[in-house]
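Tertiary structure, described
In case you want the letters, here they are:
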Amino acid sequence: MASVKLTNVKKIYGKDTVAVQDFNLDIADKEFIVFVGPSGCGKSTTLRMIAGLEDISAGTVEIDGVVVNDLQPRDRDIAMVFQNYALYPHLTVFENMAFSLRLKNVPNDIVYEKVTQAAEILGITDYLTRKPRALSGGQRQRVAIGRAMVRDSKVFLMDEPLSNLDAKLRNQMRAEIILLRQKIDTTFIYVTHDQTEAMTLGDRIVIMKDGFIQQVGTPTEVFDMPLNLFVAEFIGAPKMNTFKTNLVCEGGKYYVTPYGSKIEVTGKKAEMLKSKGITSGEIILGVRPEHFVLSNASNPGAIPCKIVVNEMMGSELHLHVLEENGDRLIVRIPTVSLDDDQRNMLTYGHTIYVTFEGKVMHFFDKDTEQNLLI
Ligand code: ADP
């Protein structure tokens, strides 16, 4: 059992560098929580306050209902994996993993059992007698995770554990962390700047900016209903297209009019606009690249634009296009149904017409940048 609760947590470095503020979060036992946001937004500071590696300027951190603000890191029953694995170069993999148990004078047979069990789960049994320098980056990261695992801690903290690995290995280790999570029954708090890691690993994601929480939700919630423009643009890759346009309410129906087109808002989004009593006016509209579709000049909802970059990703094309006013949009087109003529047209310099469905739009206030439907 290990729940973690942060209440009004604040961190000020020195006199006036406010790194984290108004941080309130209830983490359930065995939940996998991810803190995500751009560099400098306060993710690591928050994690380090939970670990006890950083003083808490105000507020409380509780683990299982006990306030731990004044407890030493070793008394908090947590394990932490850092970005730089910090293995001892002169010790074998086995002894690196056993290190914390040796410090506690745990009997040899139990050390053996715990280390071999963790090694088995992580697939590093064959390397137990090697020194860290004889391991690849991914194997070293596994040892660092193993070293944290043997401690049977209540809470497992991970600070950008994959960011030193190359892209391929990072994807592989990400899947392994998901498997690991199924095998060790504990509460995870994971820090990353990478939205893909956050989306794939987290039961819930905490999106941060400038020391403040922007939104807490499941991956689906933050993707489908971003609370504000920052979250909308941060979650999802390539990022959501956002642009100022008019929302028009006419005869009980809503329309948007981006770049001279006219597209009806349909489905749940239209109902929500109505129930919120939203009237005509300028808004910021958000459309994800995958929600654009190819269209033609005769469609009043079509936006003419010119392709400036075409990125062939294999199963899809990412087209960077300029509409007539010079705004740049990103359009994602699946390649599976394209014929050769279409493929030839979807290249640099060609003009295409794009549109999007009425049910996939996101609406933000042009001043506050908050989602108008929440
Ligand atoms: P993140 O993990 O999201 O990249 P950090 O938590 O490391 O962000 O940093 C949050 C803010 O606190 C940043 O503005 C950073 O410069 C500042 N900061 C972090 N550590 C210190 C420190 N030891 N002394 C002073 N400022 C710090």
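The structure under discussion appears in the preceding block.
None of the values given here were measured: they were computed from a predicted structure.

A short note on the overall build of the chain
- Check the secondary structure of the chain and you find ten helices and 20 strands.
- The principal-axis extent of the C-alpha atoms belonging to the chain is close to 80 × 50 × 35 Å.
- Burial status across the chain gives 48% buried among its 374 residues.
- Within the chain, contacts between residues at least 6 apart in sequence are counted, and of these 66% link residues at least 24 apart.
- With an accessible surface of roughly 17800 Å², the chain has 49% of that area assigned to carbon and sulfur atoms.
- Separation of charge centres in the chain, based on 42 positive and 47 negative side chains, amounts to 4 Å.

Quick look at the packing of helix 2 (residues 93–103) against helix 4 (residues 137–149)
- Axis separation between helix 2 and helix 4 bottoms out at 7 Å; the angle between their running directions is 30 degrees. Helix-helix and strand crossings are classified by hand; for helix 2 and helix 4 the assignment is right-handed. Taking contact as the criterion, the partners of V93, N96, M97 and S100 in helix 2 are, on helix 4, V143, G146 and R147.
- Of the residues assigned to the contact of helix 2 with helix 4, the class counts are three nonpolar, three polar and one charged.

So, the site of the ligand
- The local shell around the ligand consists of Y13, A19, P38, S39, G40, C41, G42, K43, S44 and T45.
- A distance of 2.9 Å is found between an oxygen atom of the ligand and a side-chain nitrogen or oxygen belonging to K43.
- Between T45 and the ligand, the recorded distance is 2.5 Å, taken from a side-chain N or O atom to an oxygen atom.
- Within the complex, the protein chains bury 57% of what would otherwise be the 560 Å² of accessible surface of the ligand.

Some thoughts on the nonpolar core
- Counting 47 residues, the largest nonpolar core has M97, I145, F156 and I207 as its most contacted members.
- In this structure, L247, A270, L317 and I352 belong to the second largest nonpolar core, which totals 32 residues.

Calculation criteria
- Residues numbered from 1 in each chain as written.
- Predicted model: local features only at pLDDT ≥ 70, side-chain atom pairs only at ≥ 80, totals over all residues.
- Heavy atoms only, no water.
- Helix = DSSP H or I, 4+ residues; strand = E, 2+ residues; numbered from the N terminus.
- Buried < 20%, exposed > 50% of the residue type's maximum accessible area, 1.4 Å probe, protein only.
- Contact = heavy atoms within 4.5 Å.
- Areas by Shrake-Rupley, 256 points an atom, 1.4 Å probe, with all protein chains shown as cover.
- Lys, Arg positive; Asp, Glu negative; His and termini not counted.
- Charge placed at Lys NZ, Arg CZ, Asp CG, Glu CD.
- Axes fitted to C-alpha atoms, helices over the stretch in contact; angles between N-to-C directions.
- Left-handed = near helix turned anticlockwise from the far one by under 90°.
- Nonpolar A, V, L, I, M, F, W, Y, C, P; charged D, E, K, R; others polar.
- Near = heavy atom within 4 Å.
- Polar contact = N/O pair within 3.5 Å; in protein donor to acceptor, adjacent residues only side chain to side chain.
- Core = buried A, V, L, I, M, F, W, Y, C linked by side-chain atoms within 4.5 Å.

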